[in-house]
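What follows is each chain in one-letter form.
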Amino acid sequence: MNYNYNNLKEDEHVFHMWEVMNFNITDKYKFIKRNFIFNLISNIIFIPIGILLYIINKVLFGFEVIDKRKIIKDSGFVSVSNHIHPMDCTMIGLIYYPKRVYYPTIERNFKIPFIRHLIRLLYAFPIPQNKKYKDNFYKDINNALNNNKIIQMYPEGSMWPYYENVRHFKTGAFKMAVDANKPIQPIKFLFEENNGIYSLYKKKKCIVAKVLDPIYPNNNLEYSLRIEDLKERCYKIIKEAK
């Protein structure tokens, strides 16, 4: 399917699924689950799903990772990338495999039959629209980052399939990093012409993920400027990456 991105707001959603289930966040909702049984089941299914997703992404999308050596070691961090495909979240998971990744995602994804249970098991959790739940949301993320976990964010705010430019960023991901005083790990999804065997059956370009140099908060700046500075530096490095 081809999309016309002209005259759209940069964070407008163009990709929709069957969102028919009820879903509501409550005061007791656990954004990041610490339940032993839940995490055990999640870790068990993660292995075969990871293998299956590697095969799917390699065969269907020609997926490759460049400069994986740049991934931050021995620290929690916020992973940031452009959002160019419904499957790019699985590609993020493969970049950091075997480490697990937490995925804040729009509430609407938890209204999709079956998918909502699968993504929950794969460590997705909703970004609350209601401001009264935002404190608990950010608190759980802060705890995760300080326990050396990875949080994946898409600061463009929506997914535009096969869009080759980088849209302007929202601040949420950078607030998370500054609040926990943790680095940003930038990733850029790029598109490459089909070569070799892919040219025999693929029409769309192959998807490549380029791991970029980490970016750290500037603690010499006042809080709000620190967030803005981190956002602008991240946007620049991702936009200019080739």
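Look up: the structure comes first, before these words.
Note that this is a predicted model, so its numbers are computed, not measured. (Residues numbered from 1 in each chain as written. Predicted model: local features only at pLDDT ≥ 70, side-chain atom pairs only at ≥ 80, totals over all residues. Heavy atoms only, no water.)

What to know about the overall build of the chain
Helix and strand counts for the chain come out as 7 helices and 7 strands. Ordered by position from N to C terminus, the α and β elements of the chain give α-β-β-α-β-α-β-α-β-α-β-α-β-α. Whereas a compact globule of 242 residues would reach a radius of gyration of roughly 18 Å, the chain reaches 18 Å, a difference of no more than 12%. Overall, the C-alpha framework of the chain stretches about 50 × 45 × 40 Å when taken along its three principal axes. Counting only residues that meet the buried cut, the chain has 46% of its 242 residues in that class. Contacts in the chain between residues at least 24 apart in sequence constitute 74% of all its contacts with a sequence separation of at least 6. Carbon and sulfur atoms provide 56% of the accessible area of the chain, an area that totals close to 13,200 Å². When the 37 positive and 23 negative side-chain charges of the chain are each reduced to one mean point, those points stand 5 Å apart. (Helix = DSSP H or I, 4+ residues; strand = E, 2+ residues; numbered from the N terminus. Rg over C-alpha atoms; globule rule 2.2 N^0.38 Å. Buried < 20%, exposed > 50% of the residue type's maximum accessible area, 1.4 Å probe, protein only. Contact = heavy atoms within 4.5 Å. Areas by Shrake-Rupley, 256 points an atom, 1.4 Å probe, with all protein chains shown as cover. Lys, Arg positive; Asp, Glu negative; His and termini not counted. Charge placed at Lys NZ, Arg CZ, Asp CG, Glu CD.)

Some remarks on the environment of valine 211
Secondary-structure assignment places valine 211 in strand S7 (residues 206-211). On the accessibility criterion, valine 211 (0% relative accessible area) is buried. Those residues within four positions of valine 211 in sequence are excluded, and the remaining contacts are Val65, Ile66, Asp67, Lys68, Lys70, Ile71, Ile95, Gln185, Pro186 and Ile187.

Structural notes on the side chain of threonine 90
Here threonine 90 shows up in helix H2 (residues 88-96). Within the local environment of threonine 90, its side chain forms a polar contact with the side chain of asparagine 57, the two groups lying 3.0 Å apart. If we ignore the near neighbours within four places in the chain, the residues touching threonine 90 are Leu53 and Asn57. (Polar contact = N/O pair within 3.5 Å; in protein donor to acceptor, adjacent residues only side chain to side chain.)

Thoughts on the sheet that holds strand S5 (residues 150-153)
One open sheet accounts for 7 strands, arranged S1-S7-S6-S2-S5-S3-S4; its pairing is mixed. Bordering the open sheet on either side are strand S1 (64-66) and strand S4 (124-127), each of which pairs with just one other strand. The sheet shows a mean angle of 30° between the axes of neighbouring strands, direction not considered. This element, H2, spans S1, strand S2 (77-81), strand S3 (101-106), S5, strand S6 (184-192) and S7 of the sheet and lies at about 120° to S6. Sheet contacts for helix H7 (residues 223-240): S2 and S6; angle to S6, the most-contacted strand, approximately 25°. (Pairing = 2+ DSSP bridges. Axes fitted to C-alpha atoms, helices over the stretch in contact; angles between N-to-C directions.)

What about empty space enclosed by the protein?
Under the definition given, this model contains 1 cavity of 30 Å³ or more. Here the largest cavity defines a volume of roughly 40 Å³. Lining the largest cavity we find Phe31, Ile32, Lys33, Phe38, Tyr102, Arg120, Tyr123, Ala124 and Phe125. For the lining of the largest cavity, the per-class residue count stands at 7 nonpolar, no polar and 2 charged. (1 Å grid on protein atoms, 1.4 Å probe; cavity = no way out; pocket = protein on both sides within 12 Å on 5 of 7 lines; lining within 4 Å. Points joined across faces, edges and corners; volume = space filled by probe spheres on them. Nonpolar A, V, L, I, M, F, W, Y, C, P; charged D, E, K, R; others polar.)

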